[in-house]
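An overview of the molecular structure
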Amino acid sequence: MKGENFEHTFPVEAHSAEDGLVNVMSVVQDDAIDQLGRGWPEMYANGEFVNVLVPGLDATEHGCWLSGESAVCRIGELHSLAGGMIRW
């Protein structure tokens, strides 16, 4: 994946900017999964696999990375807030 370039041009249908962000991150996530051949981003706690985070809206309608129905962090803050628990 390193060194490869991916370019997307597509309309984003969304009810808000945050909803549009979630839609775009879903496409990015699909590309990463296709290239890595595994879930991305994978979350670990104490060295144990928890699950694959998914982009979605939290209860306040902000674009977040979700673990199940719980928000882990806002999109754009994954590395700084949860980077130690993520398999890139």
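What this report covers is the structure whose coordinates are included nearby. Computed from a prediction, not measured in an experiment: that's the story for all the values here. Residue numbers here run from 1 along each chain, matching the order of that chain's written sequence. Confidence filtering applies because this is a predicted model: local features only for residues at pLDDT of at least 70, side-chain atom pairs given and counted only at 80 or more, and all residues used for totals across whole chains, interfaces and linings. For side-chain calculations, the full set of non-hydrogen atoms in the structure is used, while hydrogens and water are omitted.

Overview of the overall build of the chain
A run of H or I in DSSP counts as a helix once it spans at least four residues, and a run of E counts as a strand once it spans at least two, with each numbered from the N terminus. Regarding its fold elements, the chain presents two helices and six strands. Sequence-ordered secondary structure for the chain, helices as α and strands as β, is α-β-β-β-β-β-α-β. For 88 residues, the compact-globule estimate of 2.2 N^0.38 gives 12 Å, and the C-alpha radius of gyration of the chain, at 13 Å, lies within 12% of that figure. Seen through its principal axes, the chain has C-alpha atoms that stretch 40 × 35 × 20 Å. Each residue is placed in one exposure class: buried if its accessible area under a 1.4 Å probe, protein chains only, is under 20% of its type's maximum, exposed if it is over 50%, and partly exposed if it falls in between. The proportion of buried residues among the 88 residues of the chain is 33%. It only takes one pair of heavy atoms within 4.5 Å for two residues to be counted as in contact. Taking as baseline every contact in the chain between residues at least 6 positions apart, the subset at least 24 positions apart corresponds to 39%. In this description, accessible areas are obtained by the Shrake-Rupley approach with a 1.4 Å probe, and a residue is regarded as covered only by the protein chains that are shown. When the accessible surface of the chain is split by element, carbon and sulfur atoms take 51% of a total near 5,800 Å². Throughout, radius of gyration means the C-alpha value; the globule benchmark is 2.2 Å times the number of residues raised to the power 0.38.

Comments concerning the sheet that holds strand S4 (residues 63-67)
Think of it this way: DSSP has to see at least two bridges between two strands before they count as a pair. With antiparallel pairing, three strands are arranged side by side in an open sheet as S3-S4-S5. Looking at the sheet topology across the chains shown, the edges are occupied by strand S3 (54-57) and strand S5 (70-74). Strand-to-strand twist across the sheet, computed as the mean angle between neighbouring axes with direction ignored, equals 50°. Bridge count between S3 and S4: four bridges; the pairing is antiparallel. Note on method: axes are straight lines fitted to C-alpha atoms, helices fitted across the in-contact stretch only, with angles between N-to-C directions ranging 0 to 180 degrees.

Geometric values such as these leave the question of function open.
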